[in-house]
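# Topology and contacts: notes
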Amino acid sequence: MTTIILLKVLHYVSLFLAGGLGVANVMLFKNHQIAGMPPAPPVQKTMMTLARLGLIAIVILWITGIPLTYKVYGSFDLGWPFHLKLLGATSLLGAVAFLNLHLTKQSRDGNPPNPKVIKMIPPMARVSLVVVFIGVAVLTTS
């Protein structure tokens, strides 16, 4: 029981951390976009740090979620809502990993983030989260 509680606490903290970091990064980008200027190098560094921490939080979600599933339910055979949740979580992980790779490359080359890439990630993340939430809502209701 202690293991399950510890895994749940880490899972929930990572969930909140990933969400907050994602919102902060979008706000930074939007404010610079509205001002019509690329982020200054310290802001770019901050955005990259936020993206990396968000990726770490999502990886911790996976690292804690897999053993939680086995300890609480005994298997991954929980039906389509659970698989829908996993699909959303996988696409979210992919989007955040891609963002991290993009920010790292742009920073290494001394360029600001590509506005098209930065504009594309938040909607992808939001759709992924909606898919996760639908899966969780159906899974925990039925």
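That block above? That's the structure.
Our subject in this report is the structure included herewith. Quantities reported herein were computed from a predicted structural model and do not represent experimental measurements.

## Structural notes on the overall build of the protein
A tally of regular secondary structure across the protein gives 4 helices and 0 strands. Traced from its N-terminal end to its C-terminal end, the protein shows the element sequence α-α-α-α. Referenced to the eigenvectors of the C-alpha coordinate spread, the extents of the protein come out at roughly 50 × 25 × 20 Å. Counting over 142 residues, the protein shows a buried share of 32%. Sequence-distant contacts, at least 24 apart, represent 71% of the contacts inside the protein between residues at least 6 apart.

## Things to note about the pattern of salt bridges
As enumerated under the stated definition, the model contains 1 salt bridge in all. Among the salt bridges present, the one from Asp 109 reaches Lys 105, with a minimum N-O distance of 2.9 Å. Placement of the pair is Asp 109 and Lys 105 together in helix H3 (residues 80-109), with a separation of 4 residues, close to one helical turn. Accessibility expressed as a relative area gives 42% for Lys 105, which makes it partly exposed.

## Here's the deal with the packing of aromatic side chains
Summed over the entire model, instances satisfying the criterion amount to 2 aromatic pairs. Look at Tyr 70 and Phe 76: their rings are 5.1 Å apart centre to centre, the planes differ by 45°, and that puts the pair in the tilted class. The class of Tyr 70 is partly exposed, set by a relative accessible area of 46%. A relative accessible area of 22% means that Phe 76 is categorised as partly exposed. Measuring from ring centre to ring centre gives 5.4 Å for Phe 76 and Phe 82, while their planes differ by 80°; the resulting arrangement is edge-to-face.

## So, the side chain of Asn 25
Secondary-structure assignment places Asn 25 in helix H1 (residues 2-35). Setting aside its immediate chain neighbours within four residues, Asn 25 contacts Met 47, Leu 50, Ala 51 and Leu 99.

## What about helix H2 (residues 41-73)?
Taking 1.5 Å of rise per residue, 33 residues should cover 48 Å, and H2 covers 47 Å from first to last C-alpha, within 8% of that figure. Immediately downstream of H2, the backbone of Gly 74 shows phi near 90°, a positive value.

## Structural notes on the nonpolar core
Formed by Phe 29, Met 47, Met 48, Ala 51, Ala 95, Leu 99, Leu 103, Val 117, Ile 118 and Ile 121, the largest nonpolar core amounts to 10 residues. The set of elements that each furnish at least two residues to this core consists of H2, H3 and helix H4 (115-141). One finds Ala 18, Ala 57, Leu 92 and Ala 125 within the second-largest nonpolar core, a separate group that totals 6 residues.

## Considerations on the packing of H2 against H3
One way to put it is that H2 packs onto H3 with a least axis distance of 9 Å and a crossing angle of 150°. Here H2 is positioned roughly antiparallel relative to H3, judged by the angle of their axes. Helix-helix and strand crossings are classified by hand; for H2 and H3 the assignment is left-handed.

Criteria and thresholds
- Residues numbered from 1 in each chain as written.
- Predicted model: local features only at pLDDT ≥ 70, side-chain atom pairs only at ≥ 80, totals over all residues.
- Heavy atoms only, no water.
- Helix = DSSP H or I, 4+ residues; strand = E, 2+ residues; numbered from the N terminus.
- Buried < 20%, exposed > 50% of the residue type's maximum accessible area, 1.4 Å probe, protein only.
- Contact = heavy atoms within 4.5 Å.
- Salt bridge = Lys/Arg side-chain N within 4 Å of Asp/Glu carboxyl O.
- Phe/Tyr/Trp six-rings, centres within 6.5 Å; stacked < 30°, edge-to-face > 60°.
- Expected span 1.5 Å × (residues − 1).
- Core = buried A, V, L, I, M, F, W, Y, C linked by side-chain atoms within 4.5 Å.
- Axes fitted to C-alpha atoms, helices over the stretch in contact; angles between N-to-C directions.
- Parallel < 35°, antiparallel > 145°, perpendicular 65-115°, else oblique.
- Left-handed = near helix turned anticlockwise from the far one by under 90°.

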